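One letter stands for each residue in the lines below.
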Amino acid sequence: MQQDAPLLTEESRPKLASFVRMQRDEVRESWVLQAPERILILDETGKAILDRCGEGRSLAEITQVLAAEYDAPPGEIAEDVMAVLTLLAERGFLEVD
Amino acid sequence: MADGSAASALRPPIAMLAELTHRCPLQCPYCSNPLDLQRRSEELSTEEWCNVIRQAAALGVMQIHLSGGEPTARPDLAEIVAAAQAAGLYSNLITSGVMLDEAKLATLKAAGLDHVQISFQDSRAAGGDLIGNFKGGHEKKLAVSKLVREAGLPLTVNVVVHRQNLDRIEEIIDLALALDAHRLEVAHVQYYGWALTNRASLMPSRAQVDHATEVVEAARKEYRGRLAIDYVVPDYYARYPKKCMDGWGSQYFAVTPRGRMLPCHAAETITGLEFPSVREGSLAEIWASAEIFNRFRGTDWMAEPCRSCEHRERDLGGCRCQAFALTGDATATDPACSLSPHHAVMLATAQAEADSGDPDYIYRR
């Protein structure tokens with residue numbers, strides 16, 4: 001798939017698709033994303049990134065916010081943000097402006 | 001199971017298929033319902049379904065697929081949806097669409113319905129109405145799909161594919177795009193029950209399958225991020241079997257109209273097993289302890305060539321129902337596997353049937 005154009009750039013502004021529900025699952029003690037025939041159990045990184053999505057934020061802005069909150073190197077955070085959101089977009093969980 | 005290998009692998013189920021009724025206005029010759037259809041008088045009541053839903057949620061189920069037959073034939077469907085919503089389940093209505101209208105959709109949405117999946121039998125009316133044996137069905141489905149999107153509900157278009165419609169795979173993808181679907185499910189016929197009866201009329205050729213697979217793969221790339229395409233592969237031309245149900249008793253279960261709880265909706269085709277009822281035991285007990293759920297959990301039940309195979313965890317021996325249907329032994333390797341001694345016969349059957357003449361459907365009724 002290397003030949004494909006990237007689905008997201010640092011300027012993309014993703015948010016959860018209208019039909020996707022993020023909810024707490026008490027049986028698994030995890031946050032999960034629900035979409036038709038798709039369930040994704042989120043780890044802490046995924047949840048932290050999704051919590052800062054929406055409200056028109058770009059990937060670059062999400063990285064900034066997380067880097068400030070966690071006092072972590074923006075380079076590493078940017079990689080996580082891109083990887084997590086690309087995976088979610090590939091699987092149809094996101095709408096991207 | 002004394003060593004506990006099944007028990008240690010026991011995880012909570014994630015999804016439940018609720019077959020609310022076997023009644024349906026369509027008569028598709030590949031229907032996944034059993035040959036012996038259950039009657040309305042046997043069906044679980046509203047309160048029984050609501051109770052099943054609450055138990056399922058407590059057990060860990062996150063998604064409910066409301067199916068049938070035709071689930072909208074149940075006048076209490078909105079009450080059942082509301083129970084799913086109250087229990088925190090993501091609800092998916094799996095429907096032919098032909099009994100829906102704007103008012104019914106509004107009621108279901110208000111009850112908390114999350115998603116609608118409409119089946120199309122073809123990209124064109126002539127083929128679709130012939131498969132469903134229901135005149136005007138295709139046009140009605142187009143209209144109802146539009147209503148679903150206008151109601152603000154997400155839509156999956158589901159098309160079961162076979163020799164009679166597979167050459168229109170491009171049109172099928174275009175149909176899903178034109179209907180503003182979020183997801184397209186292209187499912188090759190799975191040959192149990194009705195479909196096995198009609199196999200000679202439905203079996204595609206290898207060339208048809210290869211073409212369709214190529215088209216789907218290209219479309220997945222082209223519409224990435226816009227239309228998700230799920231592709232249920234055709235067993236008869238496979239080299240290795242599918243990991244059926246992601247493992248028997250692993251993530252899913254089905255409840256039939258009269259309340260039998262099954263590891264898969266086709267499990268009743270395996271004779272000699274006992275099928276527990278939600279009228280007689282709790283879902284938690286049945287999931288953990290019923291003989292039928294433990295019978296093929298994990299890998300302990302396997303015979304050769306599965307038992308010592310390096311792929312045994314990857315596909316878990318394939319489909320138990322198919323193994324039973326084609327070999328008479330539910331513990332056999334799924335003949336879809338090239339390592340099965342029955343594989344050559346299965347492939348030869350497919351090739352011979354794909355070359356047979358015009359369809360002569362035995363309709364489900």
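Calculation notes
Residues numbered from 1 in each chain as written. Chains lettered and ligands numbered in written order. Predicted model: local features only at pLDDT ≥ 70, side-chain atom pairs only at ≥ 80, totals over all residues. Heavy atoms only, no water. Patch = residues over 30% accessible without salt bridge, like charges linked within 9 Å, V, L, I, M, F, W, Y side chains within 5 Å. Areas by Shrake-Rupley, 256 points an atom, 1.4 Å probe, with all protein chains shown as cover. Salt bridge = Lys/Arg side-chain N within 4 Å of Asp/Glu carboxyl O. Lys, Arg positive; Asp, Glu negative; His and termini not counted. Charge placed at Lys NZ, Arg CZ, Asp CG, Glu CD. Helix = DSSP H or I, 4+ residues; strand = E, 2+ residues; numbered from the N terminus. Buried < 20%, exposed > 50% of the residue type's maximum accessible area, 1.4 Å probe, protein only. Contact = heavy atoms within 4.5 Å. Buried area = accessible area lost by both parts, 1.4 Å probe. Pairing = 2+ DSSP bridges. Axes fitted to C-alpha atoms, helices over the stretch in contact; angles between N-to-C directions. Expected span 1.5 Å × (residues − 1). Arc of directions from axis to C-beta. Parallel < 35°, antiparallel > 145°, perpendicular 65-115°, else oblique. Left-handed = near helix turned anticlockwise from the far one by under 90°. pLDDT = per-residue confidence, 0-100. Phe/Tyr/Trp six-rings, centres within 6.5 Å; stacked < 30°, edge-to-face > 60°.

**Q** Would you mind showing me how to read a negative patch on the surface here?
**A** Residues and elements named next belong to chain A. On the surface, a cluster of negative charge is contributed by D43, E44, E76, E79 and D80. Take the negative patch: its biggest share by element is three residues, from helix α3 (residues 74-90). Judged by relative accessible area, which is 75%, E44 ranks as exposed.

**Q** Would you mind going over the interface of chain B and chain A with me for this structure?
**A** How big an interface is tends to be stated in terms of the accessible area lost upon association of its parts. With 28 residues of chain B at the contact, the number on the chain A side is 21 residues. Between chain B and chain A lies a buried interface of about 2000 Å² when both sides are counted; carbon and sulfur atoms form 52% of it. Contact with chain A buries surface across chain B, with M62, Y90 and R224 of chain B losing the most and accounting together for 36% of the total. Summed over the shared surface of chain B and chain A, the number is three salt bridges. Note that D114 of chain B is salt-bridged to R21 of chain A, the shortest N-O span being 2.8 Å.

**Q** I keep staring at unusual backbone geometry and nothing clicks. Help me out?
**A** Phi is mostly negative for residues that are not glycine, and the peptide bonds are mostly trans. Residue and element names in this part refer to chain B. Of note, the amide linkage connecting G68 to G69 takes the cis form, showing an omega dihedral of 10°. Among the structural elements, G69 can be located in the loop between β2 (63-67) and α3 (77-86). For the bond running from E304 to P305, omega is 5°, close enough to zero to count as cis. For P305, the location among the structural elements is in the loop between α12 (291-295) and α13 (312-315).

**Q** Can you walk me through the pattern of salt bridges in this structure?
**A** Where charged atoms of side chains with opposite charge meet at close range, the side chains can pair. Counted by the stated rule, this structure contains 23 salt bridges over all chains. Among the ionic pairs, D230 of chain B bridges to R38 of chain A, the shortest N-O distance being 2.9 Å. With D230 of chain B in strand β7 (residues 228-232) and R38 of chain A in strand β4 (residues 38-42), the pair connects residues from two separate chains. A salt bridge links E55 of chain A to R57 of chain A; its shortest N-O distance comes to 3.8 Å. Through salt bridges with shared partners, a single network forms among R38 of chain A together with R183, E185 and D230 of chain B.

**Q** Could you clarify how one ought to interpret helix α7 (residues 169-178) of chain B in this entry?
**A** Turn by turn, an α-helix covers 3.6 residues, leaving residues three or four places apart pointing in a common direction. Residues and elements named next belong to chain B. Every buried residue belonging to α7 is among I169, I172, I173, L175, A176 and L177, and all of these are buried. Looking at the buried residues of α7, the elements they touch are β4 (115-120), α6 (137-150), β5 (155-161), β6 (183-188) and α10 (206-222). Two residues or fewer past α7, D180 is found with a positive phi of approximately 60°.

**Q** What am I meant to see in the sheet that holds strand β3 (residues 30-35) of chain A here?
**A** Strand pairs in the sheet, formed through backbone hydrogen bonds, run parallel or antiparallel to each other. Residues and elements named next belong to chain A. Strands sit in the order β2-β3-β4 across an open sheet of three strands; the sheet is antiparallel. The outermost strands of the open sheet, each flanked by one partner alone, are β2 (21-25) and β4. If you compare each strand with its neighbour and ignore which way they point, the axes differ by 30° on average. The pairing of β2 with β3 spans five bridges and is classified as antiparallel. Residue pairing in the sheet places R24 in a bridge with W31 of β3.

**Q** Can you walk me through α10 of chain B in this structure?
**A** Residues and elements named next belong to chain B. The end-to-end C-alpha separation of α10 is 24 Å, in line with the 24 Å expected for 17 residues at 1.5 Å each. Those residues of α10 not exposed but buried are Q208, V209, A212, V215, V216 and A219. Mapping the buried residues of α10 onto a view down its axis gives an arc of 130°, with all of them on the same face. Structural note: α10 exposes A207 and E214 on the side pointing more than 90 degrees away from its buried face.

**Q** Would you explain the packing of α3 of chain B against helix α4 (residues 102-111) of chain B in this entry?
**A** Packed helices, taken two at a time, are described by the angle between their axes plus the distance between the axes. All names here are of chain B. It is at 8 Å that the axes of α3 and α4 come closest, and there the two elements cross at 25°. Relative to α4, the element α3 is oriented roughly parallel. Every pair of crossing elements has a handedness; the one defined by α3 and α4 is right-handed. Between α3, through L77, A78, V81, A82 and Q85, and α4, the contact on the second element is made entirely by T107, L108 and A111.

**Q** I keep staring at the confidence of the model for chain B and nothing clicks. Help me out?
**A** Low-pLDDT stretches of the model should not have their predicted coordinates read in fine detail. Residues and elements named next belong to chain B. Per-residue confidence for chain B gives a mean pLDDT of 94; residues scoring 70 or more make up 98%. Note on residues 1-7: pLDDT is under 50 here. Beyond four places in sequence and across chains, it has six contacts. Predicted complex metrics record ipTM = 0.85 and pTM = 0.93.

**Q** What's the story with the pairing of β4 of chain A in this structure? I'm lost.
**A** For a regular strand, the rule is simple: side chains alternate between the two faces of the sheet. All names here are of chain A. Burial along β4 is one-sided: the face carrying R38, L40 and L42 is buried and the face carrying I39 and I41 is not. Examined bridge by bridge, β3 and β4 share five bridges and lie antiparallel to one another. Pairing of A35 across the sheet is with R38, part of β4. Hairpin geometry of β3 and β4 is characterised by an intervening segment of two residues between the two adjacent antiparallel strands and by a positive phi of about 60° at E37.

**Q** Before we go on, may I ask you to explain the packing of aromatic side chains in this structure?
**A** Between two aromatic rings, the relevant description is the distance of the centres plus the angle of the planes. Residue and element names in this part refer to chain B. Using the criterion set out here, one finds six aromatic pairs over all chains in the structure. Relative to Y236, the ring of Y191 lies with its centre 5.3 Å away and its plane at 80°, an arrangement referred to as edge-to-face. In this pair, Y191 is assigned in the loop between β6 and α8 (193-197) and Y236 in the loop between β7 and β8 (252-255), connecting sequence segments 45 residues apart. With relative accessibility at 2%, the residue Y236 sits in the buried group.

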